[in-house]
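Residues per chain, in single letters:
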Amino acid sequence: MAIFDRDPWWQPHSAIYLLQTTINPVRIAYFRERLRGFPGGTALEVGCGGGFLCEEIAAMGFVTTGIDPSAAALQIAADHARAGGLPIRYLQGVGEELPFPDESFDAAFCCDVLEHVQDQAKTVAEIARILRPGGIFCYDTLNRTLLSRLVVIGILQKWKRWAVMPPELHDWHKFITPEELKMLLGNNHLCWREHRGVMPATSPIKTLSYLRRRARGEWNYKDLALRLQLVEGRSTQVMYMGYAVKEMMPLKSCRKGD
């Protein structure tokens, strides 16, 4: 998508800056907790963009690789990692055809990506293929509900009174329900563990007022990011995150709660 090529990523005037400051903190806290006791090793981020999440993964102690179709975003990611002294490997490619041998990684991350790929089933299958048995798959994505259509497509992208994201950023028809994702995981020997919702920390009225101030130009994206925070919750109606573990034995079927 063109926005990922042209966006400056790490700059406060960038719309995608909100990924780093608003969404990253809640999902990183969630993943850190679920990875507690995990032995670490190698990790792959599928759809790494400008490297926001890859740098957090590397900070967890993983030997980290990021892959993305956008050469421009990858250059930004590589430059930022180099400036910070982070030995992250970045490669160009797509989730449907990961250029790695079977069982190459101990962990895989795919965040803000499944709703953008051309083939969700192939992407999940490829992630399962490159994970070692016992490896963990961490993800977040958008649910396909009437509420997500209102919030993500209408308020955040389309309606100028509040919109803070480009109108072409998401296609609601490509959002994936938790049940659909659980089915894809099970079909690829990935044992689903849980889903948790992601939502604003502030009330709907206050959140809309924040968005309105940014849309009117009273605030820049950094101003908005300082106030608009997301938190973990029970409702998965708009956005959710979760994780799955690859089966230790390929012929063993996933059982609920395994």
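Conventions used here
Residues numbered from 1 in each chain as written. Predicted model: local features only at pLDDT ≥ 70, side-chain atom pairs only at ≥ 80, totals over all residues. Heavy atoms only, no water. Core = buried A, V, L, I, M, F, W, Y, C linked by side-chain atoms within 4.5 Å. Buried < 20%, exposed > 50% of the residue type's maximum accessible area, 1.4 Å probe, protein only. Helix = DSSP H or I, 4+ residues; strand = E, 2+ residues; numbered from the N terminus. Contact = heavy atoms within 4.5 Å.

Undergrad: Sorry, what's going on with the nonpolar core here?
TA: If you look at soluble globular proteins, the nonpolar side chains tend to sit buried side by side. Formed by 34 residues in total, the largest nonpolar core has its most connected members in W9, F31, L35, F62 and F109. Those elements giving two or more residues to this core turn out to be α2 (17-34), α3 (52-59), β4 (105-111), β5 (131-142), α6 (146-158) and β8 (239-246). Sort the elements by how many residues they give to this core and α2 lands first, with six residues. Apart from the residues lying within four places of it in its own chain, the contact partners of L35 are M60, F62, F109 and I136. F100, A108, F137 and L185 belong to the second largest nonpolar core, which has 25 residues in total.

Undergrad: What exactly am I supposed to notice about the environment of A43 here?
TA: Residue placement: A43 occurs in strand β1 (residues 42-46). Since its relative accessible area comes to 0%, A43 is described here as buried. Note: C-alpha distance between A43 and I136 (93 residues apart in sequence) is 9.4 Å.

Undergrad: Explain the side chain of T177 to me, please; I cannot follow it from the model alone.
TA: Its place among the elements puts T177 in the loop between α6 and α7 (178-187). For T177, a relative accessible area of 16% translates into the label buried. In contact with T177, not counting residues within four places along its chain, are N143, R144 and Y240.

Shape is all these values report; function is a separate question.
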